[in-house]
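Listed below are the residues making up each chain.
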Amino acid sequence: MLYQPFLDYAIATLQERLELSPYHIPEGFERKEGVMGKGKRQENVLTTSHAFKSKKLRQIRAAHVQGGNALQVLNFVIFPELNYDLPFFGGDLVTLPGGHLIAIDMQPLFRDDPSYKAKYAEPIMPIFEKHQANLEWGGDFPAEASQFFSPAFLWTRPQETEVVQTQVFEAFCDYLQAYLDFVEQAEEVTDGKQLDDILQAQKRYLNYRAEKDPARGMFTRLYGEEWTEEYIHGFLFDLERKLALST
Ligand code: DBV
């Protein structure tokens, strides 16, 4: 239940600040039960999915995995509509037997563009610095992933659960509020070249996340390969499927 308050806060805040509509969750993915481990260490694991959309946000979705003290995950991502230059909101909050792994970011479409950085990274640096001061840098992560993170990437592996409940929770709330400020201000893109750049950047990000999903192993052990691949491509990172449907 460690991440339930994060999910509750996110949904309440989104409802307060946006006009949300439901986003279709394919059958079989709203709720899935499985079993992890053997004998005395056996744990029931429940995965629930939550999804919404709004005028500027194509898909707002969360996967919440609850499997006792040693397995708790909230993966929460916001994918903007393709006619906005907004970054992705990404939260990967993971508790495994070895401890907690926390990644919170607003992942840029155009990481190396200085004007993009000035628009979407610089304003959140004060929030990043405030929280970074209390949360030790989490150390190595896959080098390939670094091209998708912003300079405000909050990455930490706290040992104490209390740190997650307090400092990580505050950081999550601050990042989400700041993201919704960006959403409020965002204006529709109409230029053809810019729209194409956004589409390419979204596809690159989505394909990376789908291909390298660090939860693939966990889901495959729990629910099998077929369910897992369908969950990843048909719900968690579904842009390619949606584009294929619309052409
Ligand atoms: N990660 C997901 C989804 C998850 C999920 C959809 C629904 O993208 C969970 C579940 N992340 C999850 C789990 C682990 C991680 C790890 C279960 C632990 C895997 C394990 O140790 O077995 C950020 N998440 C990680 C790691 C990173 C991230 C860097 C460590 C991975 C490693 O060391 O290999 N978030 C992740 C990431 C991006 C992001 C790579 C890239 C853009 O936004």
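Preceding this paragraph is the structure being described.
Numbering of residues begins from 1 in every chain and follows the order in which that chain's sequence is written. This being a predicted model, a pLDDT of at least 70 is required before a residue's local features are given, and a value of 80 or more before pairs of side-chain atoms are given or counted; all residues contribute to the totals for chains, interfaces and linings. No hydrogens and no water enter the side-chain calculation; it runs on all heavy atoms of the structure.

(A) Molecular detail of helix α4 (residues 161–185). Only DSSP runs of H or I covering at least 4 residues are called helices, and only runs of E covering at least 2 are called strands; the numbering of each starts at the N terminus. The span one expects for a helix is its residue count, reduced by one, times 1.5 Å. A rise of 1.5 Å per residue sets the reference length of α4, with its 25 residues, at 36 Å; its end C-alpha atoms lie 35 Å apart and thus fit the reference within 8%. In this analysis the local bend is the angle between axes fitted, respectively, to the seven residues ending at and the seven residues starting at the residue. At Val-168, α4 shows its largest bend, some 35 degrees. Residues of α4 that are buried include every one of Val-164, Val-168, Ala-171, Phe-172, Cys-173, Tyr-175, Leu-176, Ala-178, Tyr-179, Leu-180, Phe-182 and Val-183, and no others. Only protein chains enter the accessibility calculation, which uses a 1.4 Å probe; a residue is then buried when its area is under 20% of its type maximum, exposed when over 50%, and partly exposed in between.

(B) Region of interest: the site of the ligand. Proximity is defined per residue: any heavy atom of the residue falling within 4 Å of a molecule or strand makes that residue near it. The environment of the ligand is formed by 22 residues, the closest being Asn-75, Asp-92, Gln-107, Arg-209 and Asp-213. Any pair of nitrogen or oxygen atoms within 3.5 Å is treated as a polar contact; in protein, a donor-acceptor pairing is required on top of that, and neighbouring residues in sequence qualify only through side-chain atoms on both sides. Interatomic distance of 2.8 Å between a side-chain N/O atom of Arg-209 and an oxygen atom of the ligand. Side-chain polar atom of Asp-213 to an oxygen atom of the ligand: 3.5 Å apart, as the coordinates give it. Accessible surface is estimated by sampling points in the Shrake-Rupley manner with a 1.4 Å probe; for residues, cover comes only from the protein chains shown. Compared with its free state, where it exposes 870 Å², the ligand has 82% of that area covered by protein. Using a 2 Å cut-off from the grid points, one finds that the ligand occupies the largest pocket. Within the residue set of the shell around the ligand, elements represented by two or more residues are β5 (72–80), β6 (88–96), β7 (99–107) and α6 (216–223). Polar here means any residue outside two lists: the nonpolar Ala, Val, Leu, Ile, Met, Phe, Trp, Tyr, Cys and Pro, and the charged Asp, Glu, Lys and Arg; Gly therefore counts as polar. Of the residues that constitute the shell around the ligand, the class distribution is 17 nonpolar, two polar and three charged. Both site types are read off a 1 Å grid over the protein atoms alone. A 1.4 Å probe that fits but cannot get out defines a cavity, while an open set with protein on both sides within 12 Å along at least five of seven lines defines a pocket; lining residues have an atom within 4 Å of a point. Occupancy of a cavity or pocket is assigned to a molecule whenever over half of its atoms lie within 2 Å of that pocket's grid points.

(C) Representation of the packing of helix α3 (residues 125–132) against α4 within the structure. Interaxial distance between α3 and α4 falls to 10 Å at its minimum, and their mutual angle equals 180 degrees. Regarding the angle of α3 to α4, the classification is roughly antiparallel. For the pair α3 and α4, the contacting residues are Ile-127, Phe-128, Lys-130 and His-131 in the first and Gln-167, Glu-170, Ala-171, Asp-174, Tyr-175 and Ala-178 in the second. Residues that form the contact of α3 with α4 fall into these classes: five nonpolar, two polar and three charged. Every angle, taken between N-to-C directions, lies between 0 and 180 degrees, and every axis is a line fitted to C-alpha atoms, over only the stretch in contact when it is a helix. Convention used here: angles under 35 degrees read as roughly parallel, angles over 145 as roughly antiparallel, angles from 65 to 115 as roughly perpendicular, and any remaining angle as oblique. Residues count as neighbours in contact if any of their non-hydrogen atoms are within 4.5 Å of one another.

(D) Just the packing of helix α5 (residues 192–211) against helix α8 (residues 239–246), in detail. Contact pair α5 / α8: the axes reach a minimum separation of 9 Å and the direction vectors enclose 130 degrees. Taken as axis vectors, α5 and α8 run oblique relative to one another. Together, Leu-199, Gln-202, Lys-203, Leu-206 and Asn-207 of α5 and Leu-239, Glu-240 and Leu-243 of α8 make up the contact between the two elements. Here the residues of the contact of α5 with α8 sort into four nonpolar, two polar and two charged.

(E) Representation of the environment of Tyr-23 in the model. On the secondary structure map, Tyr-23 appears in the loop between β1 (21–22) and β2 (31–36). For the pair Tyr-23 and Phe-52, spaced 29 residues apart in sequence, the C-alpha separation works out to 4.4 Å. Here Tyr-23 is in contact with Ala-51, Phe-52, Lys-53, Arg-58, Gln-59, Asp-238 and Lys-242, once residues within four sequence places are set aside. A distance of 2.4 Å separates a polar atom in the side chain of Tyr-23 from a polar atom in the side chain of Asp-238.

(F) Molecular detail of the pairing of β7. In terms of burial, β7 is largely enclosed, as eight of its nine residues are buried. Here β6 runs beside β7; their pairing, made up of nine bridges, is antiparallel. When the sheet's bridge partners are listed, Gly-90 is paired in β7 with Asp-105. The antiparallel hairpin formed by β6 and β7 contains two residues in its connecting segment. Bridge count between β7 and strand β8 (residues 154–156): three bridges; the pairing is antiparallel. When the bridges of β8 are listed, Ile-102 appears paired with Thr-156. Two strands are said to pair when DSSP picks up at least two bridges between them.

(G) Representation of the side chain of Thr-48 in the model. Relative to the helices and strands, Thr-48 is located in strand β3 (residues 43–53). Here His-50 takes part through its side chain, which lies 3.0 Å from a polar atom of the side chain of Thr-48. Contact partners of Thr-48, with chain neighbours within four places excluded, come to Glu-30, Arg-31, Ala-62, Ala-63, His-64 and Tyr-231.

(H) Structural view of the pairing of β2. In this sheet, β3 lies alongside β2 in antiparallel orientation, the contact comprising six bridges. Directly across from Glu-33, in β3, lies its bridge partner Leu-46. With antiparallel pairing between neighbouring strands as the criterion, β2 and β3 make up a hairpin whose turn holds six residues, including Gly-37 at a positive phi of roughly 80 degrees.

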